[in-house]
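# A structural walkthrough
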Amino acid sequence: MIRTFRQHDVRKQQELSGRLWNFMPLSGKYQGRQYQVSVPGCWENLPEFEAYRGKAQYTATFTAGGNVRLEFKGVSHTAEVYVDGELVREHYNAYTAFDVILQLEQGEHLLEVKVDNRFSEESALHIPNDYMTYGGITRPVVLEELADTYIKWVHVTPVKEENWKAKIEVCVANLRKESPKDSVCEKDDSRTEVKVELAGQRYVWSGVSVPCGEEGVVSCELSFEDVEEWGMHEGKLYEVHAWILEDGKAVDDLIDRTGFRQVTVENGTIYINGSAPRIKGFCRHEDHPQFGCAIPYEAMVYDLMQMRDLGANSVRTVHYPNDEVFLDLCDEMGILVWEENHARGLSEERMKNPNFERQAEDVIREMIPLHYNHPSIYIWGILNECASNTEYGKECYQKQFDLIQQLDTSRPRSFASCQHKTDLCLGIPEVVSYNIYPLWYSDQQPEEFVSGLYDWVQETEGAGKPFLITEIGAGAVYGFRHPSHEKWTEEYQAETLKKQIDAVMQQPGCQGMYIWQYCDVRVSREWFNNRPRTMNNKGVVDEYRRPKLSYEVVRDAYASYTDYAEE
Ligand code: ADA
């Protein structure tokens, strides 16, 4: 599945995933052996490759010609793409889509993808960590055949005034090469139009001219009388459809989805369409014992249904951009999303890796244009628990927050800090967020911890800003029950989460929380060998989504607080 809705009526698109590809490890014990494997998929879910950290080659064929666009929604974590034996694209980072456009003769072509999930100095973001870096082509692969001009993206920015308005931007790319002889670029562009439709309104740009080999953006603003708003639990969505017409004939199109919702920050509160949500959320890794990070649609739906059963109204995509299908589901189910770029717990030393800034900023550059239209995303996060307590770290945070602002001014920004009472960056983003573990990593009582931290923030540049707890929780090994209720028992986790939820929800000025975490997840074996089972066991359900004792406790606790902060 590429998306949960059709993206084209005109452009020819097919999915190259959803089938078996040839797989051959390029290192290790089984180097050179041939297998047939599922794409999308993680090689850790293959017998003999459960702990394979290395390089492998995936091979498939496709039939196409002309302007051929190959899009990879996610390859973990470094990809080298070859078509007919020629290296045509490289990409780092498992969690953002990338593409390549080739001019090919009509016919069958060989596609080879070399994938590497090893840790090295080259990799500043995928490092031994408290989550698993899997290996494989872990998200869908898409093949499209384009006209000489195509629509790269359509962005919709809804604005609520007397009525709803929407700014619509359409990015058109001209694939024609400069060619003196036939001077196609001097083509009479008066015959080129761009058209867009949304919620019954339409706009047409005539005489659109984009220089050869370049991109251009056209924009308009439309007004809407009677549209339904997108909100929590009612994900009313509208398709935005854009076309390029030449001589009146559609040569390309793109369909995306949007929702009429506006995020504002006023007087220390986040508002969605004028109402202040009380965030009752979970942090969720893309992780599953049978699928790794390549979680199929049905399993995504299950996770969301279970989180909603627990009373959640929001998900935090820890610690990286998520699969577009998951975001589509959040749009449809009216679940708010905190989405963040890829980073977890990078020290200043690691942030000084020569590749760090480029790699982290690339994730932002890829995440925001692709995920821009999702109404469920209400906030952009960066750099979870990195060195926001040092001057160097602050420079990096500043640059990345500035980059977000260049790409999207319609959403607030934040970052989940662990620098308790030492953070230097609280003055930069619109929202202040903290990860805390009272009664787990510290013996402090939750209400004392939360109020002490909140009060300290009011003495900093973060004063008066919306305040979120972006992680709080405790560990429990599924099935470990004991009358002592000691740490790692399900009883201890349940009692602790109850105290934590009440402390956060009753903290004046705090607009909500994300429990760490929804489900138990695999961690890198190279990272933290005192993680029982080489797992992070702070899930409210285990990795098989089996509820722990805390499940009922969290469900009752979340249910005792309304979905809105001002009720
Ligand atoms: C940190 C981190 C999470 C996880 C958590 C834990 O807050 O952001 O990724 O590692 O600690 O379980 O200790």
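Check the entry above for the structure.
This write-up is about the structure you can find in this document. Values in this document were obtained by computation on a predicted structure and should not be read as measured data. (Residues numbered from 1 in each chain as written. Predicted model: local features only at pLDDT ≥ 70, side-chain atom pairs only at ≥ 80, totals over all residues. Heavy atoms only, no water.)

### Focus: the sheet that holds strand 14 (residues 238-246)
As summarised here, the arrangement of the 4 strands in space is 12-11-14-15, forming an open sheet in which the pairing is antiparallel. In the strand order of this sheet, the two ends are held by strand 12 (201-206) and strand 15 (249-258), each with one partner. Adjacent strand axes in the sheet meet at a mean angle of 15°, parallel and antiparallel pairs treated alike. Across 6 bridges, strand 11 (residues 192-198) lies against strand 12 in antiparallel orientation. In the sheet register, Val 194 faces strand 12, and the bridge partner there is Trp 205. (Pairing = 2+ DSSP bridges. Helix = DSSP H or I, 4+ residues; strand = E, 2+ residues; numbered from the N terminus. Axes fitted to C-alpha atoms, helices over the stretch in contact; angles between N-to-C directions.)

### Thoughts on the sheet that holds strand 25 (residues 467-472)
Strand order in the open sheet made by the 9 strands is 22-21-20-19-18-26-25-24-23, with parallel pairing throughout. Strands at the two margins of the open sheet, each flanked by one partner only, are strand 22 (413-414) and strand 23 (416-417). Lying over the sheet, helix 6 (residues 446-457) contacts strand 24 (432-435) and strand 25, oriented at roughly 145° with respect to strand 24. Helix-sheet contacts for helix 7 (residues 490-505) involve strand 18 (279-283), strand 25 and strand 26 (510-515), and the interaxial angle to strand 26 is about 155°. (Contact = heavy atoms within 4.5 Å.)

### Description of the environment of Ala 343
Looking at where Ala 343 falls in the secondary structure, it is placed in the loop between strand 20 (336-340) and helix 3 (348-351). On a C-alpha basis, the gap between Ala 343 and Ile 101 in space is 29 Å, while along the polypeptide they are 242 residues apart.

### Here we look at the site of the ligand
With respect to spatial proximity, 13 residues lie near the ligand, and among them Asp 130, His 319, Glu 385, Tyr 441 and Glu 471 are the closest. Between the ligand and Arg 344, the relevant distance is 2.9 Å, taken from an oxygen atom to a side-chain nitrogen or oxygen of the residue. Protein chains bury 96% of the 320 Å² of accessible surface belonging to the ligand in isolation. (Near = heavy atom within 4 Å. Polar contact = N/O pair within 3.5 Å; in protein donor to acceptor, adjacent residues only side chain to side chain. Areas by Shrake-Rupley, 256 points an atom, 1.4 Å probe, with all protein chains shown as cover.)

### A word on the pattern of salt bridges
Under the criterion given, the structure shown has 47 salt bridges. The shortest N-O distance in the salt bridge between Asp 116 and Arg 118 comes to 2.8 Å. A salt bridge links Glu 340 to Arg 316; the shortest N-O distance between them is 3.0 Å. One end of the pair, Glu 340, is in strand 20; the other, Arg 316, is in strand 19 (residues 314-317), and 24 residues separate them in sequence. Looking at Glu 340, the relative accessible area reads 0%, which means it is buried. Each of Arg 3, Arg 11, Arg 69, Glu 71, Lys 73, Asp 99, Glu 144, Asp 252, Asp 256, Glu 324 and Asp 328 takes part in a single network of salt bridges with overlapping partners. (Salt bridge = Lys/Arg side-chain N within 4 Å of Asp/Glu carboxyl O. Buried < 20%, exposed > 50% of the residue type's maximum accessible area, 1.4 Å probe, protein only.)

### A few points about the packing of helix 7 against helix 8 (residues 550-559)
Where helix 7 meets helix 8, the axes come as close as 8 Å, and the angle between the chain directions of the two elements is 15°. Judged on the interaxial angle alone, helix 8 and helix 7 are roughly parallel. The chirality of how helix 7 crosses helix 8 is right-handed. Residues Gln 493, Ala 494, Leu 497, Lys 498, Ile 501 and Met 505 of helix 7 lie in contact with helix 8, whose contacting residues are Ser 550, Val 553, Val 554, Ala 557 and Tyr 558. Of the residues belonging to the contact of helix 7 with helix 8, the class tally is 8 nonpolar, 2 polar and 1 charged. (Parallel < 35°, antiparallel > 145°, perpendicular 65-115°, else oblique. Left-handed = near helix turned anticlockwise from the far one by under 90°. Nonpolar A, V, L, I, M, F, W, Y, C, P; charged D, E, K, R; others polar.)

By themselves, these are just geometric observations and shouldn't be taken as functional.
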